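Below, each chain spelled out in residue letters.
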Amino acid sequence: MTRKAPKRVRQPLSRHEDGAHLYAPYWGHVKAGLASLVPFVILYFVVQPLDEAMGSLGAGGYTVAPVLIVVYACGWAAGSVALLHLLRFSQSRLRHFLTWALAGAVALTALLAGILTLVRLGVEGTADVWNVSSFGTVMLTAPLLGAAGAALGRWALAPSIQWHRWLEREPLPDALVFVEGKHDKDDFERM
């Protein structure tokens, strides 16, 4: 099977050039997603006594929490890849941080409002979430927590981001085509 079209290859650059774009590997986005959890961990240990926090970790947090953390980090990374692709030509760090913070605030608020609605539907059988006592607290803290986590994640992503450019590489010649005058394996064994 031969390739007739040139192959596009991403080449890293040491500095910005005309036509260059920002790119970070997916693993860098996952690590940044893990870093964005720091505000959540701080909040977890601040809002309850330490013995209760450690007790709830011991009662299932060692099995459930790692799965939730991996799912969160992968989801955060997918959103971060999309945001970096959207801003791939932008050199403004402020624009990047503001975009990540806004996306984090909106995403966390929507997620928590959805979870609150599902819990309310499951417990009370109604979607009347605005009468829940924690509704105001959730709607005030979720955007702040989401923005802080996303901005921290973008800061952690910075070392992985690098300028790149696309190169067109010509297809390699076929290696398994018989060429007259060349020796094959049988000729070398006879020598």
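The shown structure was predicted, so the numbers you read here are calculated from the model rather than taken from an experiment. (Residues numbered from 1 in each chain as written. Predicted model: local features only at pLDDT ≥ 70, side-chain atom pairs only at ≥ 80, totals over all residues. Heavy atoms only, no water.)

**Student:** Any details on the packing of aromatic side chains? Residues and values, ideally.
**Tutor:** Any two aromatic rings considered together are summarised by their centre-to-centre distance and by the angle between their planes. On inspection of all chains with the given rule, the structure shows two aromatic pairs. Ring centres of F40 and Y72 lie 6.0 Å apart, and the angle between their planes is 75 degrees; on these two criteria the pair is classed as edge-to-face. On the criterion of sequence distance, the pair formed by F40 in helix α2 (residues 38-46) and Y72 in helix α3 (residues 50-86) is long-range, its members being 32 residues apart. A ring pair is formed by Y44 and F45, whose centres lie 5.1 Å apart and whose planes are at 80 degrees; its orientation type is edge-to-face. Its guanidinium or amino end placed over the ring of W166, R8 lies 4.5 Å from that ring's centre, counting from NZ or CZ. The ring of Y23 is capped by R10, whose NZ or CZ atom sits 3.7 Å from the centre of that ring. (Phe/Tyr/Trp six-rings, centres within 6.5 Å; stacked < 30°, edge-to-face > 60°. Helix = DSSP H or I, 4+ residues; strand = E, 2+ residues; numbered from the N terminus. Lys NZ or Arg CZ within 6 Å of the ring centre and 35° of its normal.)

**Student:** Summarise the pattern of salt bridges; cite the residues concerned and give the values.
**Tutor:** One pass over the full model with this rule turns up one salt bridge. Measuring nitrogen to oxygen at the nearest pair gives 3.4 Å for the salt bridge that ties E17 to R165. Here E17 is found in the loop between β1 (7-12) and β2 (21-23), whereas its partner R165 is found in strand β3 (residues 162-169), with 148 residues between them in sequence. Assessed through its relative accessible area of 31%, R165 is described here as partly exposed. (Salt bridge = Lys/Arg side-chain N within 4 Å of Asp/Glu carboxyl O. Buried < 20%, exposed > 50% of the residue type's maximum accessible area, 1.4 Å probe, protein only.)

**Student:** Any chance you could break down the confidence of the model for the protein for me, citing the residues and the numbers?
**Tutor:** Fine structural detail should not be taken from predicted coordinates in areas where pLDDT scores are low. This prediction gives the protein a mean pLDDT of 85; 88% of its residues lie at or above 70. The least confident element of the protein is helix α6 (residues 185-190), whose mean pLDDT is 59; the most confident is helix α1 (residues 26-35), at 95. (pLDDT = per-residue confidence, 0-100.)

**Student:** Which residues make up the packing of helix α4 (residues 93-124) against helix α5 (residues 135-157), and what are the values?
**Tutor:** Following both chains from N to C, one finds α4 and α5 inclined at 140 degrees, their axes separated by 7 Å at the closest point. Judged by the inter-axis angle, α4 sits oblique to α5. Of the two elements, α4 crosses α5, and the hand of that crossing is right-handed. Residues of the contact of α4 with α5, tallied by class, amount to 19 nonpolar, four polar and one charged. (Axes fitted to C-alpha atoms, helices over the stretch in contact; angles between N-to-C directions. Parallel < 35°, antiparallel > 145°, perpendicular 65-115°, else oblique. Left-handed = near helix turned anticlockwise from the far one by under 90°. Nonpolar A, V, L, I, M, F, W, Y, C, P; charged D, E, K, R; others polar.)

**Student:** Which residues make up the packing of α2 against α5, and what values do they have?
**Tutor:** The interhelical angle for the contact between α2 and α5, taken along N-to-C directions, is 135 degrees, at an axis separation of 8 Å. One way to sum up the angle between α2 and α5 is to call them oblique. Note on element contacts: α5 touches α2 through L145, A148, G149 and L152, opposite V38, P39, F40 and L43. Of the residues contributing to the contact of α2 with α5, the split by class is seven nonpolar, one polar and no charged. (Contact = heavy atoms within 4.5 Å.)

**Student:** Summarise the environment of S36; cite the residues concerned and give the values.
**Tutor:** Checked against the element boundaries, S36 lands in the loop between α1 and α2. Setting aside residues no more than four positions away along its own chain, S36 makes contact with Y72, W76, G149 and G153.

**Student:** Which residues make up the side chain of S90, and what values go with them?
**Tutor:** You can see S90 is positioned in the loop between α3 and α4. Its relative accessible area of 8% is what places S90 among the buried residues. For S90, the side chain forms a polar contact with the main-chain nitrogen of S92, separated by 3.3 Å. Those residues within four positions of S90 in sequence are excluded, and the remaining contacts are L22, R95, H96 and W163. (Polar contact = N/O pair within 3.5 Å; in protein donor to acceptor, adjacent residues only side chain to side chain.)

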